Amino acid sequence: MATTKAKSMHISGAEAVIRCLLAEGVDLVYGYPGGAIMPIYDELYKFQKELNHVLTRHEQGATHMAQGYARTSGKVGVAMATSGPGATNLVTGIADAQIDSTPMVCITGQVAYHLLGSDAFQETDIIGISTPVTKWNYQITRAEEIPEILAKAFYIARSGRPGPVLIDITKNAQFDTFDYQYETCKGIRSYAPRPVIEKSAVAAAAELINQAKKPMIVWGQGVILGNAETVFQAFVEKTDIPAAWTILGLSGLPTDHPHNVGMVGMHGNYGPNLLTNECDVLIAIGMRFDDRVTGNLDTYATQAKVIHLEIDPAEIDKNVKADVAVLGDCKESLTQLLPLVTANDHSSWRAQFDDHYQTEFEKVINKDINPTKAGLTMGEAIAAINKHSKGDAVIVTDVGQHQMVACRYAKFTQSKSNVTSGGLGTMGFALPAAIGAKMGAPEREVVAVIGDGGYQMTIQELGTIFQAQLPVKIVVLNNDFLGMVRQWQQLFFDKRYASTEMINPDFVAIAKAYHIEAVSVKDRADLDGAVAKMIASDKPFFLEVCVEKEDNVFPMIPTGASVSDIRLE
């Protein structure tokens, strides 16, 4: 561990926590106080000018806000909670951050050391509970441990493949005093977050790419997390290879870039899904071959040579066998690869993607964006947001039909613009995540696109928006159903809509109760004006768009089917 010297001072463990956060450059914390973390909150009160604390309405909201902040700022998000239910309420957000590789440090209070294991009031074994869903966790029982452990926590959270870390601090450790001195962490024995790239692997990858007749790129969030967007775009343009994205990779390349051929996966675009099983070289960059991307693994890209650029060795050969694995930071890997690949012309191959797009446009896209039926569609709501935001907004989505529609049709001109719950699929994510996203990128427009079901899971965070006076724009696409589940019930369960139809409250009245301007749109003639008013506003704004109740999202690959079995209707 390298050392950044700081003057020693005799302080409490609680004050040390605050000073450690400041030493790590933290200026924003999301949380909810309680008995076991009260000493830290007492010290936080004394540092209000240096460290902004956002009081959430639920601890889960704190984690999603920290996630949204991390995703738009590129920094480590921080969340705090008390012991027992406060700590367990963090777990969903922690699990979400773990599977989506979001850097986050969570600090929880704990009962005093002498009470551990006694079933004391609000005692839970949060270390045992969170072990499967954290990159690292640790329980501090002595004040002297605080600087070293928190330094490690931030280093582990942000380095290599990022992820969440949880630090549990007993109450005695918060009260006790010690000689504080902070040392930033630059490395940990046996932990190598940035693998050394093998030049032979890079050369082998270049050879396959240069020989390929029908190469295809699938990129994921690793491009964004690695800040590799510039070299990635240069690589795509030099090689002339069509590039498709996973849901978390969206915005890593501008959506209107000529080599951007759309989304892969269950509700992805027709061309990149079909042609996955026709390409001769598949270049996977910063993605993990999730089951929603691959469908049936037995039939996934079996004809192709697979090149996998990945920072986490656990992902290599986990789902799809790589012919060439380039283990390392993808920015470094692409930088080494770029001079070795030859400039190429794959225009005839890329034309096949264009042909499939035209088919999809006629059968699906045009009907979504330019509907002829009376009822509003989710697609035209997203199109209106694109029109008035000009592709410059951060769009934060929840989970469900609206998420798939938004990811399919949202337009982005810059990176770190798509914030969504990918691997865990957490309903309730979007509203609090949008709060964090706005605070992580205050200069950008932030629009949360949410379904009526997920919205009500964390609707209480309207209180956080009101108290913090954050100009977050909220769009609820309301179909009075748990839409994605209803779609599956329609297609695969003979329209038995078991527990999916919702009787919803007056969303406009609820928003107004929090002093947020609110509008509801039911008619097509009113949509464009309402979206324009929302985007133009410099205050929080709620827009309900009442859409068709039983619209489905297509294309669709049924669960367990091959990507070649993608359905357009």
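Parameters at a glance
- Residues numbered from 1 in each chain as written.
- Predicted model: local features only at pLDDT ≥ 70, side-chain atom pairs only at ≥ 80, totals over all residues.
- Heavy atoms only, no water.
- Phe/Tyr/Trp six-rings, centres within 6.5 Å; stacked < 30°, edge-to-face > 60°.
- Helix = DSSP H or I, 4+ residues; strand = E, 2+ residues; numbered from the N terminus.
- Lys NZ or Arg CZ within 6 Å of the ring centre and 35° of its normal.
- Pairing = 2+ DSSP bridges.
- Axes fitted to C-alpha atoms, helices over the stretch in contact; angles between N-to-C directions.
- Core = buried A, V, L, I, M, F, W, Y, C linked by side-chain atoms within 4.5 Å.
- Buried < 20%, exposed > 50% of the residue type's maximum accessible area, 1.4 Å probe, protein only.
- Domains from an automatic or database assignment.
- Contact = heavy atoms within 4.5 Å.

Peer 1: Where do I start with the packing of aromatic side chains in this structure?
Peer 2: Any two aromatic rings considered together are summarised by their centre-to-centre distance and by the angle between their planes. A complete count under the given rule lists eleven aromatic pairs for this structure. Summarising the aromatic geometry, the rings of W219 and F232 are spaced 5.1 Å apart at their centres and angled 55° between planes, so their arrangement reads as tilted. Of this pair, W219 sits in strand β9 (residues 215-219) while F232 sits in helix α11 (residues 229-239), and the two are 13 residues apart along the sequence. It is R486 that lies over the ring of F481; its NZ or CZ is 5.8 Å from the centre.

Peer 1: What's the story with the sheet that holds strand β5 (residues 104-110) in this structure? I'm lost.
Peer 2: Through backbone hydrogen bonds, the strands of a sheet pair up, either in parallel or in antiparallel fashion. Ordered in space as β3-β2-β4-β5-β7-β6, the six strands form an open sheet in which the pairing is parallel. Bordering the open sheet on either side are β3 (52-55) and β6 (136-140), each of which pairs with just one other strand. Sheet twist, expressed as the average angle between the axes of neighbouring strands with direction ignored, equals 20°. Taken together, the five bridges between β6 and strand β7 (residues 164-170) define a ladder with parallel strand orientation. Bridge assignment links Y138 to a residue of β7, and that residue is I167.

Peer 1: For this particular structure, what's the right way to read the nonpolar core?
Peer 2: Note that soluble globular proteins tend to have their nonpolar side chains buried in a common cluster. Grouped together as the largest cluster of nonpolar side chains are 96 residues, with contacts concentrated most on I217, F232, L282 and I285. Considering every element that reaches this core, the biggest residue donor is helix α9 (residues 199-211), with six residues. For this core, the domains that each give at least three residues are domain 2 (199-347) and domain 3 (374-546). Setting aside residues up to four positions removed in sequence, L282 forms contacts with M216, V218, F289, Y300, A301, A304, K305, V306 and I307. The next biggest cluster of nonpolar side chains, apart from the first, holds 49 residues, and it includes V54, A437, V472 and V508.

Peer 1: Hey, could you run me through the sheet that holds β9 in this one?
Peer 2: The sheet built from six strands is open, its strands ordered β11-β10-β9-β12-β13-β14 with parallel pairing. Edge positions in the sheet fall to β11 (260-263) and β14 (324-327), since each of these pairs with one other strand and no more. Strand-to-strand twist in this sheet, taken as the mean axis angle between neighbours without regard to direction, amounts to 20°. The sheet contact formed by β9 and strand β10 (residues 243-245) spans three bridges and is parallel. Following the sheet pairing, W219 is matched in β10 by W245. Packing against the sheet, α11 makes contact with β9, β10 and β12 (281-285), and its axis sits at approximately 165° to β9.

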